[in-house]
Number of protein chains: 2
Amino acid sequence: MRQIKVETSHPYEILIEGGLLTEVPEDLKALSLGYRYAIISDSNVSELLGGDLKRLLEEVGLKSELFVFQAGEASKNMDTVVKLARAMVRAGFDRKCALIALGGGVTGDVAGFLASIYLRGIPYVQIPTTLLAQVDSSVGGKTGVDLPEGKNLLGTFYQPWRVYIDYGVLATLPFEHLKNGLAEVVKYGCIASPELFQFLEENASALLNYDASALEHIIFESCRIKADIVSRDEKEGGLRRILNFGHTLGHAIEAAANYEILHGFCVSIGMVAAARLSEELGLAQRDLSTPLEALLRKLGLPVRIPKELDPAKIEAHLRADKKVWRGKLVFVLLKEIGAPVFYEEPPKELIRKIIDSLRTEDAFS
Amino acid sequence: MRQIKVETSHPYEILIEGGLLTEVPEDLKALSLGYRYAIISDSNVSELLGGDLKRLLEEVGLKSELFVFQAGEASKNMDTVVKLARAMVRAGFDRKCALIALGGGVTGDVAGFLASIYLRGIPYVQIPTTLLAQVDSSVGGKTGVDLPEGKNLLGTFYQPWRVYIDYGVLATLPFEHLKNGLAEVVKYGCIASPELFQFLEENASALLNYDASALEHIIFESCRIKADIVSRDEKEGGLRRILNFGHTLGHAIEAAANYEILHGFCVSIGMVAAARLSEELGLAQRDLSTPLEALLRKLGLPVRIPKELDPAKIEAHLRADKKVWRGKLVFVLLKEIGAPVFYEEPPKELIRKIIDSLRTEDAFS
């Protein structure tokens, strides 16, 4: 097992191991966060793992109840939070209870937010079940839901008491979800670790075959990098925003595609665009986009913008992005792999030029 | 002007003065919490003070916008929070903006909660306009909304950056609201200050005539006591619960009356019941309820349970109260004025006996 200690307002540990799910109950018992647990899960994950977890908890004498919401991004709203809260109240969950977020990114965001506001806050732990959630959303304490006006507009910073990462569950999910998470791992390499970048280059096919030791390594490194950044900037004052590498244009593509392209896929394209922008602006010290594109292709990730997306629509979403700070559009760019810089307001024409140059029929070619 | 420093996760100051409202803009400008302010207010208070505040802010060059919700306890729900948030997003409020809660307890709870979750938290200040809010809900950082299943079930602990208490605005509100707040002041005397209790006895009629220096004194003392308790127990671990004196039965009466009796009035009756319970259990060192009842009567507050309320209904709400911790009903009782004690599970029969003995046609007699 690998462990990472995250130094936030209350410090907590991330545990990483294949098959960890079966060890959760004994550890939870030792942590003693509550006398009863609310397992929050979506309709897909609860089918696969919810019943198992409840049974495992029972075996060590921990009481729990499963609260399920409809799977999908569309459930990430206040209505879901209120429905879950009401069900918990009716089931008698009080302040001495705790919550378990079991699932992907949406579940982590919704359940973490619910834990942060339920009776003004109860303890919770995360059991992320997708690679994306394991390397990204389960670290950092960001919780939240969407409004019709935009994503993640209501939420809290609320750190979990423990994060349990069992990469053994990844093989039970669609292959696309593995690649979706790998895009974020590439991001960590780009912003903080040439070694991780190189490891991905050398182990791409092992990873795509769910090789346990390769997965453990990249999850550990990703969480370590994110935890380090978050420890130094818990409330997103500045530094933490380097985590947005690839996300500025990535989010705009995601929105322009009505969220029908996976998040990691959009980030993948966004990273290529950011690398090219770094080159065009003369920030990059050498050719950046070639090795980046090669790695992303190796991992089966898209590197081009699908032609059917309207560039004007992408630009409109770009400006509406939350990263517009007092009217300024801030990109995270790279001097080289492992060396990020903030860049304010690149010329519109240049952004358009890069978007145009990336549009093709086949985003993966 | 009087000032109190509250030592919570981020320390903040409570400023107390008649006419303080006109000094808010300059102080806010110096605090520099945001480049634009969202004033959250209900339909009553926005009519009385909202436009004035907006104009005063403009005079010193601060941009603001007024967001109004329907006055009344029924608005204290997630729907109101979401509507206000959506309006703020559409009006372009970003993370560099701040929020002003202008109004009574409901406004403070709703606006404070909104500030705590809007874009994962923006700074806010409180301008409480009722005596109850001035001495109670504006200190301590409790925010929240109700669910159909119960009150304050969703919320956060989120401290304001400043609290402005202008007791000059109290005379613009109905007289009942003054008495409503005085009940909470009596509570502070009971749990922490025989001097405050005595001051109330000696200045009852001055207070009921809105005497400025008497109001300033009791507001200062109440906030000082609450701030002291909150500083020592920000997240309601234990000590803070002494603030529930009179509230255990008070809440049950409030609920049994479908919230048609003012909160402070219910607390007044609840304090009498708690004093009698302290006597019956042999905790009180001497006759407690006689001076307490006399003071409450002097202040025009009810001391008896209205006969039309069903005792069985009160008892049912009592057991459903949030203060039931893992099945235990905890009362705050008194050894004497200024000396509170926690008491677990007083005999049911005794509670019933006290409820019965307090029921009359005229709650004020």
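Residues numbered from 1 in each chain as written. Chains lettered and ligands numbered in written order. Predicted model: local features only at pLDDT ≥ 70, side-chain atom pairs only at ≥ 80, totals over all residues. Heavy atoms only, no water.

Attention now goes to the overall build of chain A. When helices and strands are tallied, chain A shows 13 helices and 14 strands. Projecting the C-alpha coordinates of chain A onto the three principal axes gives extents of approximately 60 × 40 × 35 Å. Long-range pairs, those at least 24 residues apart, make up 76% of the contacts in chain A with a sequence separation of at least 6. (Helix = DSSP H or I, 4+ residues; strand = E, 2+ residues; numbered from the N terminus. Contact = heavy atoms within 4.5 Å.)

This brings us to helix 7 (residues 194–208) of chain A. All names here are of chain A. Its 15 residues place the ends of helix 7 20 Å apart at the C-alpha level, agreeing with the 21 Å of an ideal helix rising 1.5 Å per residue. Within helix 7 the residues assigned to the buried category are Leu196, Phe197, Phe199, Leu200, Asn203, Ala204, Leu207 and Leu208. Of the surrounding elements, those touching the buried residues of helix 7 are helix 6 (175–192), helix 8 (212–232) and helix 11 (289–298). With its phi angle positive at about 60°, Tyr210 sits one or two positions after the end of helix 7. (Expected span 1.5 Å × (residues − 1). Buried < 20%, exposed > 50% of the residue type's maximum accessible area, 1.4 Å probe, protein only.)

Now for empty space enclosed by the protein. Taken as a whole and judged by the stated rule, the model has seven cavities of 30 Å³ or more. By volume, the largest cavity is sized at about 110 Å³. Leu249(A), Ala273(A), Ala274(A), Leu277(A) and Phe331(A) are the residues nearest the centre of the largest cavity, which is lined by 16 residues in total. For the lining of the largest cavity, the secondary structure elements donating two or more residues are helix 9 (247–256), helix 10 (263–280), strand 12 (328–336) and helix 13 (348–358) of chain A. Grouping the amino acids of the lining of the largest cavity by side-chain chemistry returns eleven nonpolar, five polar and no charged. The space that makes up the second largest cavity amounts to roughly 80 Å³. Lining the second largest cavity are 13 residues, and of these Leu249(B), Ala273(B), Ala274(B), Leu277(B) and Phe331(B) sit closest to its centre. Contributions of two or more residues to the lining of the second largest cavity are made by helix 9 (247–256), helix 10 (263–280), strand 12 (328–336) and helix 13 (348–358) of chain B. The biggest single contributor to the lining of the second largest cavity is helix 10 of chain B, with four residues. Partitioning the lining of the second largest cavity into residue classes produces nine nonpolar, four polar and no charged. (1 Å grid on protein atoms, 1.4 Å probe; cavity = no way out; pocket = protein on both sides within 12 Å on 5 of 7 lines; lining within 4 Å. Points joined across faces, edges and corners; volume = space filled by probe spheres on them. Nonpolar A, V, L, I, M, F, W, Y, C, P; charged D, E, K, R; others polar.)

To continue, consider helix 8 (residues 212–232) of chain B. Given a rise of 1.5 Å per residue, 21 residues ought to cover 30 Å, and the 30 Å separating the end C-alpha atoms of helix 8 of chain B matches this to within 8%. Structurally, the start of helix 8 of chain B carries an N-cap: the backbone nitrogen of Ser213(B) is 3.3 Å from a side-chain oxygen of Asp211(B). (Polar contact = N/O pair within 3.5 Å; in protein donor to acceptor, adjacent residues only side chain to side chain.)

This structure, assessed with the given rule, holds eight aromatic pairs over all chains. For the ring pair Phe265(B) and Phe364(B), a centre distance of 6.0 Å and an interplane angle of 85° mean the geometry is edge-to-face. In this pair, Phe265(B) sits in helix 10 while Phe364(B) sits in the segment after strand 14 (359–360), placing the two residues 99 residues apart along the sequence. Ring pairs connect the aromatic residues Tyr124(A), Tyr158(A) and Trp161(A), which therefore count as one cluster. Above the ring of Phe93(A), the side-chain terminus of Arg36(A) is found at 4.1 Å from the ring centroid. Over the ring of Tyr259(B) we find Lys151(B), and its NZ or CZ is 4.6 Å from the ring centre. (Phe/Tyr/Trp six-rings, centres within 6.5 Å; stacked < 30°, edge-to-face > 60°. Lys NZ or Arg CZ within 6 Å of the ring centre and 35° of its normal.)

Our next topic: the packing of helix 10 of chain A against helix 11 of chain A. All names here are of chain A. Closest axis-to-axis distance for the helix 10/helix 11 pair is 9 Å, and the angle between their directions is 170°. One element, helix 10, and the other, helix 11, form an angle in the roughly antiparallel class. Between helix 10, through Ser268, Met271, Val272, Ala275, Arg276 and Glu279, and helix 11, the contact on the second element is made entirely by Ser289, Leu292, Glu293 and Leu296. When the residues that make up the contact of helix 10 with helix 11 are grouped by side-chain class, the tally is five nonpolar, two polar and three charged. (Axes fitted to C-alpha atoms, helices over the stretch in contact; angles between N-to-C directions. Parallel < 35°, antiparallel > 145°, perpendicular 65-115°, else oblique.)

What follows concerns the interface of chain B and chain A. Between chain B and chain A, the contact holds 32 residues from the first and 32 residues from the second. Between chain B and chain A, roughly 3,200 Å² of surface is buried when both sides are summed, and carbon and sulfur atoms account for 64% of that area. Where chain B touches chain A, the interface holds four salt bridges. Here chain B is connected to chain A by ten residue pairs in polar contact (both at pLDDT 80 or more). Going through the elements one at a time, helix 3 (78–90), helix 4 (105–117), strand 7 (142–147) and strand 8 (150–157) of chain B are the ones with two or more residues in the side of chain B that touches chain A. Here the residues of the side of chain B that touches chain A are counted per class, giving 15 nonpolar, six polar and eleven charged. (Buried area = accessible area lost by both parts, 1.4 Å probe. Salt bridge = Lys/Arg side-chain N within 4 Å of Asp/Glu carboxyl O.)

For a regular strand, the rule is simple: side chains alternate between the two faces of the sheet. Residue and element names in this part refer to chain A. Bridge analysis of strand 12 against strand 13 (residues 339–344) gives six bridges, and the strand direction is antiparallel. Looking at strand 13, one finds that Val330 is bridged to Glu344. Taking the residues between adjacent antiparallel strands as the criterion, strand 12 and strand 13 are bridged by two residues, where Gly338 takes a positive phi near 95°. (Pairing = 2+ DSSP bridges.)

Bringing the relation of the copies chain B and chain A into the picture now. Expressed as a screw operation, the relation of chain B to chain A combines 0.0 Å of axial shift with a rotation of 180°, fitting to an RMSD of 0.1 Å. These values place the two chain copies in the arrangement generated by a two-fold rotation axis. Nearest to the rotation axis, the C-alpha of Met78(B) is located 4.0 Å from it, this being the minimum over chain B. A shared binding surface is used by both copies, with 100% of the interface residues of chain B retained as interface residues in chain A. (Least-squares fit on C-alpha atoms with pLDDT ≥ 70 in both.)

Another aspect to go through is the nonpolar core. Judged by nonpolar contacts, the single largest core of 78 residues is most densely connected at Ile14(B), Val186(B), Ile218(B), Ile219(B) and Ile314(B). Sort the elements by how many residues they give to this core and helix 10 of chain B lands first, with ten residues. With 77 residues, the next largest nonpolar core counts Leu182(A), Leu215(A), Ile219(A) and Leu249(A) among its residues. (Core = buried A, V, L, I, M, F, W, Y, C linked by side-chain atoms within 4.5 Å.)

Detailed reading of the predicted coordinates is not advisable wherever pLDDT falls low. Scored by pLDDT, chain A comes out at a mean of 93, with 97% of its residues at no less than 70. Overall fold confidence (pTM) sits at 0.92, and the ipTM for the predicted complex is 0.91. (pLDDT = per-residue confidence, 0-100.)

Our focus in this paragraph is the sheet that holds strand 5 (residues 98–103) of chain B. Residues and elements named next belong to chain B. Strand order in the open sheet formed by seven strands is 1-2-9-6-5-3-4, with mixed pairing between adjacent strands. Looking along the sheet, the strands with just one partner apiece sit at the ends: strand 1 (2–6) and strand 4 (64–69). The sheet shows a mean angle of 20° between the axes of neighbouring strands, direction not considered. Where strand 3 (residues 37–42) meets strand 5, four bridges bridge the pair, whose relative direction is parallel. Within the sheet, the bridge partner assigned to Ile40 lies in strand 5 and is Ala101. Against the sheet, helix 2 (residues 43–59) engages strand 3, strand 4, strand 5 and strand 6 (124–128), with an angle of about 160° to strand 3. Of the strands in this sheet, strand 3, strand 4, strand 5 and strand 6 are in contact with helix 4, which crosses strand 5 at around 170°.

Take the sheet that holds strand 2 (residues 12–16) of chain A next. Residues and elements named next belong to chain A. Strand order across the open sheet formed by seven strands is 1-2-9-6-5-3-4, with mixed pairing between neighbours. What marks the edges here is a single partner per strand, and that holds for strand 1 (2–6) and strand 4 (63–69). Going from strand to strand, the sheet's axes swing by 20° on average, the running direction of each strand aside. Most of the contacts of helix 3 (residues 78–90) go to strand 4, to which it runs at about 150°, and overall it touches strand 3 (36–42), strand 4 and strand 5 (98–103).

Okay, the environment of Ser9(A) next. Its place among the elements puts Ser9(A) in the loop between strand 1 and strand 2. Sequence separation between Ser9(A) and Asn77(A) is 68 residues; the distance between their C-alpha atoms is 26 Å.

All names here are of chain B. At a minimum axis distance of 7 Å, the contact between helix 9 and helix 10 shows a crossing angle of 130°. Compared by their axis directions, helix 9 and helix 10 come out oblique. As helix 9 runs across helix 10, the sense of the crossing is right-handed. Seen from helix 9, the contacting residues are His247, Leu249, Gly250, His251, Ile253 and Glu254; seen from helix 10, they are His263, Cys266, Val267, Ile269, Gly270 and Ala273. For the contact of helix 9 with helix 10, the class distribution of residues is six nonpolar, five polar and one charged. (Left-handed = near helix turned anticlockwise from the far one by under 90°.)

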